[in-house]
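Chain and residue survey
One-letter residues, chain by chain:
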Amino acid sequence: MEKPVVSIIMGSDSDLPVMQQARDILIEFNVSHEITIVSAHRTPQRLFEFAENAHKRGIKVVIAGAGGAAHLPGMVAAISPLPVIGVPVKSSNSIDGWDSVLSILQMPGGVPVATVALNGAKNAGLLAVQILSAGNDELRDRMIAYKEKLNSEVMGKLEGFAK
C-alpha cells in the first residue's frame, strides 16, 4: 500500500459516519490516506505523539474531526507543522453543534485551523486535495475535472427551469 499523505483523525468512533465523507473524497481522487481515532481528552499522549510525528511519517495534511468541546484540531495545529483542516461534528453531547464549530473556528493568532461547516467532512476532503494539488499537476487536473463536472450537473438541471 502507498504511504499515506493525508491523515483523517477523529475524537471518537461515533464521528466515523461524518468523517467517512472525507475518506470517500480521498478515495475518489486516489489520494493515499489513513484513518484513526485520536482523542484529545481521553488519549492525550497519543495526541501528542501523533501531532509531533505525522510529518516525519510523510503526512502532508491532517483532517481532524471532533464533537463537543472539539479540542482535537486545535491541539494538533498547536503541535504539528502541517496544515490542519477541522471538521466540527454534531455529536450526541453537543449543543446543536455550535460548541464544536466555535471550538475549532475560534483559534488564537498563530495557530490556524482551516474550518469547514458542521459535519462538512466532504469539503475537508476536497480542501485536502486542493492543498496537495498545489504541488501536483495531475491532482490539480483531476480537481479541475471535478469542478467542471459539478458545473455540468447544475447546468443540466437548469434546462428544466428555463421553460
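These lines cover the structure that appears in this document, whether it is placed above or below. In this text the structure is predicted, and so the values were computed from the model without any measurement. The residue numbering used here restarts from 1 in each chain and proceeds along that chain's sequence as written. Side-chain atom pairs in this predicted model are given and counted only at pLDDT of 80 or more, local residue features only at pLDDT of at least 70, and totals for whole chains, interfaces and linings cover all residues. Side-chain calculation: all heavy atoms of the structure are included, whereas hydrogens and water are not.

What to know about the packing of aromatic side chains
Geometry of aromatic contacts follows a simple scheme: Phe, Tyr and Trp rings, the Trp one being its six-membered ring, pair when their centres are within 6.5 Å, and the pair is stacked under 30 degrees between planes, edge-to-face over 60, tilted otherwise. Taken as a whole and judged by the stated rule, the model has one aromatic pair. Between F29 and Y146, the aromatic rings sit 5.5 Å apart at their centres with planes inclined by 55°, giving tilted as the arrangement. Of the two residues, F29 is situated in the loop between α1 (16–28) and β2 (33–37) and Y146 in helix α6 (residues 137–158); the sequence distance between them amounts to 117 residues. Burial here depends on accessible area, computed with a 1.4 Å probe over protein chains only, as a share of the maximum for the residue type. Under 20% is buried, over 50% is exposed, and the range in between is partly exposed. Look at Y146 and you get buried, because its relative accessible area is 12%. For helices the rule is a DSSP run of H or I covering at least 4 residues; for strands it is a run of E covering at least 2, with both sets numbered from the N terminus onward.

Brief notes about the packing of helix α2 (residues 44–53) against helix α3 (residues 72–79)
Any two packed helices are characterised by the angle at which their axes cross and by the distance between the axes. It is the contact of α2 with α3, at a shortest axis distance of 8 Å, that shows an interaxial angle of 50°. Considering the angle they form, α2 stands oblique to α3. Pair α2 / α3 crosses with right-handed handedness. Counted together, L47, F48, F50, A51 and E52 of α2 and L72, M75, V76 and I79 of α3 form the full contact between these two elements. Taken together, the residues of the contact of α2 with α3 break down into eight nonpolar, no polar and one charged. Angular values range over 0 to 180 degrees, each being the angle between N-to-C directions of two axes fitted as lines to C-alpha atoms, with helices fitted over their stretch in contact. Angle categories: roughly parallel below 35 degrees, roughly antiparallel above 145, roughly perpendicular from 65 to 115, and oblique for all the rest. What makes a crossing left-handed is the near helix being turned counterclockwise from the far one by less than a right angle; a clockwise turn instead makes it right-handed. Only heavy atoms enter the contact rule, under which two residues are in contact if any of them lie within 4.5 Å. Under this grouping Gly is polar, as are all residues other than the nonpolar Ala, Val, Leu, Ile, Met, Phe, Trp, Tyr, Cys and Pro and the charged Asp, Glu, Lys and Arg.

A word on the pattern of salt bridges
Within this document, salt bridges are pairs made up of a side-chain nitrogen of Lys or Arg and a carboxyl oxygen of Asp or Glu, the two lying within 4 Å of each other. Applying the stated criterion across every chain yields a total of five salt bridges. The partner of R57 in a salt bridge is E34, with the nearest N and O atoms 2.8 Å apart. Placement of the pair is R57 in the loop between α2 and β3 (61–67) and E34 in strand β2, with a sequence separation of 23 residues. For R57, a relative accessible area of 33% gives the class partly exposed. Residue K149 pairs with E153 through a salt bridge whose shortest N-O separation is 4.0 Å. Within this pair, K149 and its partner E153 are both found in helix α6, separated by four residues, close to a single helical turn. Using a relative accessible area of 39% as the deciding quantity, one classes E153 as partly exposed.

Such coordinate-based values are descriptive only and should not be taken to indicate function.
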